[in-house]
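Observations on the model geometry
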Amino acid sequence: MPAMRVVFLGSGAFGLPTLRSLAERHEVVGVVTQPDRPAGRGSKLTPTPIGGWAAEHLAGVPLIKPEKINTQEVRELVRSWDCDAWVVIAFGQKLGAALLADRFAVNLHASLLPRWRGAAPINHAILAGDAETGNSVITLAERMDAGLVLGQSRRAIGPGQTAGALHDLLAGDGPELVGRVLREHAAGTLEGRAQDESLVTLAGKLSKSDGRIDWGAGADPVRCRINGLSPWPGVTVFYEGQALKVARAEPGGPVSEDLVPGTIVDPGTGLIACGGGGSVRLPEVQPAGKRAMAFSAWANGRQVRARDRLDAGGDGDGGVGGEGA
């Protein structure tokens, strides 16, 4: 397929593999990203992952960072770039109808639409215990993530897989899927499929308040919650008042139903009792102000014993908070 002229609109790291691929195989004629924002302890202005990479690797390619992309000035500039396609990935601003008029624009979304429309599809797929997820390339529509589906890729969700790890895998799947859609568009064979509105689920934004857990909910919900909220906002539990951030959970197998949920069954392996006689394994924890370490190393340092407990914090060992529970 001859090289295409492509405008890329994106901000988050999820789009980086696809932008790199487009730069290698096609001609990127313009990049639009979000403005630099303060970050770190010094609140230094920092570019988005897309903005930083484009500035370093796409010398001579227009790179703009508008606060509002739909203003007349920005709209006229972006539409002046001669191109064959716009590729939009995790941009962070809604593109208006006047901006998109008569342009071939596609969006890469990290779910098997119509399941998990919204801001946090990877997290919600794990939180819900889905066996698989994937990517969808869609047309842009007035309603969020409601466009025609032009192509999809699928990937199984492993029992110990975190949202962070799955994010990177799905990001790596993006270039092949976007490339296939662009090839079909160039060949005139691309067909869109309408989404079944009866199957729509929503993946709302997450917040720090979501990082609570209910050990009594059962092993699978506990595991999915820890993994679905890792690395952000993360699940925090407490041992004798000390906060511990839990990075990942694995299936642990059956334990005695007489054990109170949250009981440490085996300090050496991080086996924790859950409701219904199930358990999870916590490979590592991160005490407040310290680096992450193996659960066994933390347990040895604190002289943790079997039958000690990890508390959920917040309102005690009560309900799981936040969206997508």
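Throughout this document, residue positions are counted from 1 along each chain, in the order its sequence is written. Local features in this predicted model are restricted to residues whose pLDDT is 70 or higher, and side-chain atom pairs enter the listing and the counts only when it is 80 or higher, whereas totals over whole chains, interfaces and linings include all residues. No hydrogens and no water enter the side-chain calculation; it runs on all heavy atoms of the structure.

1. Details of the sheet that holds strand β14 (residues 250-251)
To keep things clear, this is the line we draw: Pairs of strands are assigned from DSSP output, requiring at least two bridges between the strands. Numbering of helices and strands starts at the N terminus; helices are DSSP runs of H or I of at least 4 residues and strands are runs of E of at least 2. Whether two residues touch is decided by their heavy atoms; if any such pair falls within 4.5 Å, the residues are in contact. Geometry is summarised by axes, namely lines fitted to C-alpha atoms with helices restricted to the contacting stretch, and by angles between N-to-C directions that run from 0 to 180 degrees.
If you walk across this open sheet you meet the 4 strands as β14-β17-β16-β15, and the pairing is antiparallel. A single partner strand is all that each edge strand has here, and the edge strands are β14 and β15 (264-266). Relative to strand β17 (residues 279-281), β14 runs antiparallel, the two being bridged by 2 bridges. In the sheet register, E250 faces β17, and the bridge partner there is R281. Lying on the sheet, helix α7 (residues 219-228) is in contact with β14 and β17; it crosses β17 at an angle near 30 degrees.

2. Some thoughts on the confidence of the model for the protein chain
Selection rule: Scored from 0 to 100, pLDDT records how confident the predictor is in each individual residue.
Of all residues in the protein chain, 96% have pLDDT values of 70 or greater, and the mean over the chain is 94. Below pLDDT 50 for its whole length, residues 315-325 participates in 28 contacts with residues either more than four positions away or in separate chains.

3. A few points about α7
One turn of an α-helix holds 3.6 residues; hence residues three or four places apart share an orientation. Worth spelling out the cut-off: Only protein chains enter the accessibility calculation, which uses a 1.4 Å probe; a residue is then buried when its area is under 20% of its type maximum, exposed when over 50%, and partly exposed in between.
Within α7, 8 of the 10 residues are buried, which leaves it mostly tucked inside the rest of the structure. Of the positions making up α7, those classed as buried are A219, V222, R223, C224, R225, I226, N227 and G228. Contacts made by the buried residues of α7 are with α5 (121-127), α6 (163-187), β12 (235-239), β13 (242-246), β14 and β17.

4. Comments concerning the side chain of T162
Here is the rule we go by: Under this definition, polar contacts are N or O atom pairs within 3.5 Å; protein pairs additionally need one hydrogen-donor-capable and one acceptor-capable atom, and for neighbouring residues in sequence, both atoms have to be side-chain atoms.
Looking at the element boundaries, T162 is found in the loop between β10 (149-156) and α6. When its relative accessible area of 11% is taken as the criterion, T162 is described as buried. A distance of 3.1 Å separates the side chain of T162 from the backbone nitrogen of A165, its partner in a polar contact.

5. Here's the deal with the environment of P121
Here P121 is to be found in helix α5. Sequence separation between P121 and A288 is 167 residues; the distance between their C-alpha atoms is 29 Å. Aside from chain neighbours lying at most four places away, what touches P121 is H109, A110, S111, W116 and A203.

6. Looking at the packing of helix α1 (residues 16-25) against α6
In plain terms, the rule: Roughly parallel covers angles under 35 degrees, roughly antiparallel covers those over 145, roughly perpendicular covers 65 to 115, and oblique covers all other angles. We call a crossing left-handed when the near helix sits turned anticlockwise from the far one by less than a right angle, and right-handed when that turn is clockwise. Gly counts as polar in this scheme, as do all residues outside two lists: the nonpolar Ala, Val, Leu, Ile, Met, Phe, Trp, Tyr, Cys and Pro, and the charged Asp, Glu, Lys and Arg.
Packing of α1 against α6 brings their axes to within 7 Å, and their N-to-C directions diverge by 45 degrees. Between α1 and α6, the angle falls in the class oblique. Along this stretch, α1 crosses α6, giving a crossing that reads as right-handed. Across the interface between the two elements, P17, T18, S21 and L22 of α1 pack against A171, G172, G174, P175, V178 and L182 of α6. By residue class, the composition of the contact of α1 with α6 is 6 nonpolar, 4 polar and no charged.

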